[in-house]
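# Results of the structural survey
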Amino acid sequence: MNDSSWGAPPQAGYWGPTDQGHGHGHVQGPGHGHVQGAAPAGPAYDAYEAPQTRPMPIVPDVTDFGGNQDDDRGAARLSGAPVRNETNPEPMPDASQPAPKPPKKSAGRDLSAAIGVGVGLGAVIVASLFVVKAVFVGVVAVAVVVGLWELTKRLEERKGIRAPLVPLALGGAAMVVAGYVRGAEGAWVAMALTALAVLVWRMTEPPEGYLRDVTAGVFAAFYVPFLATFVAMMLTADDGAQRVLTFLLLTVVSDTGAYAVGWRFGRHKLAPRISPGKTREGLLGAVSFAMVAGALCMQFLIDDGAWWQGLVLGLAVAVTATLGDLGESMIKRDLGIKDMGTLLPGHGGIMDRLDSLLPTAPVVWLLLVLFVGSG
């Protein structure tokens, strides 16, 4: 999810903590007559680094011999220039202009587009989930391939890392299908074969950067398709559609709770160096919303589920979804980008939607197996 979804949005152009050290303000030498880059005021500024400047002399108004200042002020009024008071050399403010209003708190993204895209995606997912399970597996495989394309593209653009996309895309789709057909064993075998394919495929290019590229490729294979296989594995149970729906609902509700509470009450930053928009209040909102939704889902959707199990499940989802969001934010900070893509208006790219879902999937799968079994 986007950084703005947890609280008040950061200032425009902000990508991390601002450095106020050497090199931001300097004074031109004698003879130039002006100062560039004034130093910021306040205790945070080191007085030792402050530029040593002399105050500008106050020069009185100069009039022509035989003239008067009233004529000069009249000419200034006709020309629209600011008028100086005789006792106060500062320009007099224009009383006709109203005082500027404080900026309104913004959500930080296009809410109408985000809601529209979210509803559309939800309709496609729910329809495929409850009509034909194989279609839903195909939807997951397509999302994985697009996510891999976005990730490898950004790595190449920003860092020059060329993780081979072809073996990653083919192996990633095969990994999701293997997880659905053969379970955890099939997912691990497909993961190993995908990593081997990445190593071999990269051998067709010059050796420079080989270790860097294959390391990024193996990371991408684990981060996107392997974690997504746990969603396909949930689907294999008798109530698989309900399990996947519970997983999706809890993750979305956690995101919504963090957004609503953080935007309205967020004051204390959660991880300002990683994601400046997230707040501790937003995290509390995510936990509260997810726990309530988890109790309801386990009681009414999951066979043999209990409400107290839903509280545990909701807490786990809120924590893993937050960590997943922070993890992708860390990647984006390292790459120097705001979003992984632009495919989804109001959301960013596919990876900006998968960031909370991917690390949450194995946790939900494991807890559901422990609570109600794998059948």
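Below: a short report on this structure. Since we're looking at a predicted model, the values are computed, not measured.

### Comments concerning the overall build of the protein
Counting secondary structure elements, the protein contains 9 helices and 4 strands. Secondary structure of the protein in N-to-C order comes out as β-β-α-α-α-α-α-α-β-β-α-α-α. Within the protein, the proportion of its 375 residues that are buried is 40%. Considering only contacts within the protein whose residues lie at least 6 apart along the sequence, 69% involve residues at least 24 apart. Working note: accessible area of the protein is about 21200 Å², and carbon and sulfur atoms make up 65% of it.

### Here we look at a nonpolar patch on the surface
A surface patch of nonpolar side chains, about 430 Å² in accessible area, is lined by Val189, Leu193, Leu196, Leu199 and Val200. Residue position: Val189 is located in helix α4 (residues 165-202).

### A few points about the environment of Gly138
Relative to the helices and strands, Gly138 resides in helix α3 (residues 133-159). Through-space distance from the C-alpha of Gly138 to that of Val177 is 8.2 Å; in sequence the pair is 39 residues apart.

### A few points about the packing of aromatic side chains
Per the counting criterion, the structure on display carries 6 aromatic pairs. Here the aromatic rings of Trp308 and Phe371 are separated by 5.9 Å at their centres, their planes lie at 70°, and the arrangement is edge-to-face. One end of the pair, Trp308, is in helix α8 (residues 307-335); the other, Phe371, is in helix α9 (residues 350-372), and 63 residues separate them in sequence. Exposure remark for Phe371: the relative accessible area of 22% places this residue in the partly exposed category. One aromatic cluster is present, formed by Trp188, Phe222, Phe226, Phe230 and Trp365 through successive ring pairs. The cationic tip of Arg264 hangs over the ring face of Phe265; the distance from NZ or CZ to the ring centre is 5.1 Å.

### Quick look at helix α7 (residues 280-300)
Between the first and last C-alpha of α7 there are 30 Å, a value that for 21 residues agrees with the 30 Å anticipated at 1.5 Å per step. Every buried residue belonging to α7 is among Glu281, Gly282, Gly285, Ala286, Val287, Ala290, Ala293, Gly294, Ala295, Cys297 and Met298, and all of these are buried. Each element contacted by the buried residues of α7 is listed here: α6 (240-265), β4 (275-279), α8 and α9.

### Some words on unusual backbone geometry
Its identity as a non-glycine residue notwithstanding, Asp304 has a phi of 65°, on the positive side. Tracing the chain through its elements places Asp304 in the loop between α7 and α8. Looking at Asp304, the relative accessible area reads 73%, which means it is exposed.

What counts as what
Residues numbered from 1 in each chain as written. Predicted model: local features only at pLDDT ≥ 70, side-chain atom pairs only at ≥ 80, totals over all residues. Heavy atoms only, no water. Helix = DSSP H or I, 4+ residues; strand = E, 2+ residues; numbered from the N terminus. Buried < 20%, exposed > 50% of the residue type's maximum accessible area, 1.4 Å probe, protein only. Contact = heavy atoms within 4.5 Å. Areas by Shrake-Rupley, 256 points an atom, 1.4 Å probe, with all protein chains shown as cover. Patch = residues over 30% accessible without salt bridge, like charges linked within 9 Å, V, L, I, M, F, W, Y side chains within 5 Å. Salt bridge = Lys/Arg side-chain N within 4 Å of Asp/Glu carboxyl O. Phe/Tyr/Trp six-rings, centres within 6.5 Å; stacked < 30°, edge-to-face > 60°. Lys NZ or Arg CZ within 6 Å of the ring centre and 35° of its normal. Expected span 1.5 Å × (residues − 1).

Distances and angles like these do not, on their own, reveal function.
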